[in-house]
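Summary of structural features
Take a look at the letters that make up each chain.
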Amino acid sequence: MEFSKKPVGDSVGFDVEVYHFGSRPGTKLMVTAGIHGGEVTGIHAARCLIDYLIAHEKELVGEVKILPVCNQGGYRRMERTNPYDDLDMNRIFPGKVGSKPTLATAALIYQEAAWPEYLVDLHCCGLYGSNYTLATWMDSEKDRQLAAMLDIPVVIKSGGTAGQLFVESSQKRNIASVIIELAGGQPTGQIDLTAADEAYQALLKLMRQLGMLPGEVDKPQPVFCMPLASVSSPEDGLFLPLVSKGTWVEKGTTVATLNGKDIQTEASCRIMNIGPARYLFRGDYLYVFTVKAE
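About the cut-offs
- Residues numbered from 1 in each chain as written.
- Predicted model: local features only at pLDDT ≥ 70, side-chain atom pairs only at ≥ 80, totals over all residues.
- Heavy atoms only, no water.
- Axes fitted to C-alpha atoms, helices over the stretch in contact; angles between N-to-C directions.
- Helix = DSSP H or I, 4+ residues; strand = E, 2+ residues; numbered from the N terminus.
- Parallel < 35°, antiparallel > 145°, perpendicular 65-115°, else oblique.
- Left-handed = near helix turned anticlockwise from the far one by under 90°.
- Contact = heavy atoms within 4.5 Å.
- Nonpolar A, V, L, I, M, F, W, Y, C, P; charged D, E, K, R; others polar.
- Pairing = 2+ DSSP bridges.
- Buried < 20%, exposed > 50% of the residue type's maximum accessible area, 1.4 Å probe, protein only.

Helix 6 (residues 193-209) packs onto helix 1 (residues 40-56) with a crossing angle of 45 degrees between their chain directions and a minimal axis gap of 8 Å. The angle between helix 1 and helix 6 places the two elements in the oblique class. Crossing hand, helix 1 versus helix 6: right-handed. The segment helix 1 lies against helix 6, with Thr-41, His-44, Ala-45, Cys-48, Leu-49, Tyr-52 and Leu-53 engaging Leu-193, Ala-195, Ala-196, Ala-199, Tyr-200, Leu-203, Leu-204, Met-207 and Arg-208. The class makeup of the residues in the contact of helix 1 with helix 6 is 13 nonpolar, two polar and one charged.

Below you can see the structure in the form of structure tokens.
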């Protein structure tokens, strides 16, 4: 294992940690986490993978590069953005050398990310969210194949917003690239240990499918779905959820009540994010859902 700290520049005040495993020819996989500093479930999953590979590097065929905390400034504040310049790192790739701290850090990470055949970027979808893979799977067959190898329940279609590491890697470099969104993270910097373990196990299974680690695994069967959609509150009031996140429901299912009135789904869908019982205001989100792709 090679460990290095890549200097970003004098104005930034910290380095990016890079772990590089393996020396035998084979597949090249890169895992990044902490591009949004407070999304710590992904950081924990990346560090679990680092610990595993330290103990099992002799079994590894190919190479793995892991950047567990890409946004050190945001991480130290448990915030999405870097407090030095308040930029969202996952909207500014490929970055710019010698520029503002976040742009300079993004440029360094993008340089490191020129190397792999597969890229998995770990993020968080909030305390009340459920795990999913985000991919431009309708536009890239490589991305679709990678998403299908990850043992995460659903694959959500990405809109392909420019400036994201996985989008830039897929579209400009033709690297198979996805995000895994995990429960936890903002607003409190909370690790969802169950979600982190699911991602960690999914990465190990991916490596076994790619012939990087010994052992056979059953082929994952994620459900490919359309982009996320949300339902907002039409009025102020008391919200009481009746289903759990990650639940598939039929059209017309009552998933919550608002001021004693039923909130029913307009389509058969999977509830991806639903908050706790609370008082809310008009325009606040009630739940987030996705539907299966036809």
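From this point, things continue past the structure.
With that out of the way, let us pick up the sheet that holds strand 5 (residues 118-124). Strand order across the open sheet formed by nine strands is 1-2-4-3-5-8-6-7-11, with mixed pairing between neighbours. Bordering the open sheet on either side are strand 1 (2-7) and strand 11 (223-225), each of which pairs with just one other strand. Shown here is a sheet whose adjacent strand axes are inclined to one another by a mean of 20 degrees, direction ignored. Where strand 7 (residues 154-157) lies against strand 11, three bridges are found, and the strand directions are parallel. The residue of strand 11 that forms the bridge with Ile-156 is Cys-225. Where helix 4 (residues 141-149) meets the sheet, it contacts strand 5, strand 6 (132-135), strand 7, strand 8 (176-182) and strand 11, and its direction lies at approximately 40 degrees from that of strand 8.

Turning next to unusual backbone geometry. In this structure, the amide linkage connecting Phe-93 to the following residue, Pro-94, adopts the cis form with an omega of 15 degrees. Position of Pro-94 among the secondary structure elements: in the loop between helix 2 (72-77) and helix 3 (101-112). Unusually for a residue other than glycine, Met-78 sits at a positive phi of about 55 degrees. Take Met-78: it is sitting in the loop between helix 2 and helix 3. The exposure class of Met-78 is partly exposed, given its relative accessible area of 31%. Phi angles above zero are rare outside glycine, and Asn-259 is one such case at about 55 degrees. In this fold, Asn-259 is placed in the loop between strand 15 (254-258) and strand 16 (261-264).

On their own, these measurements won't tell you what the molecule is for.
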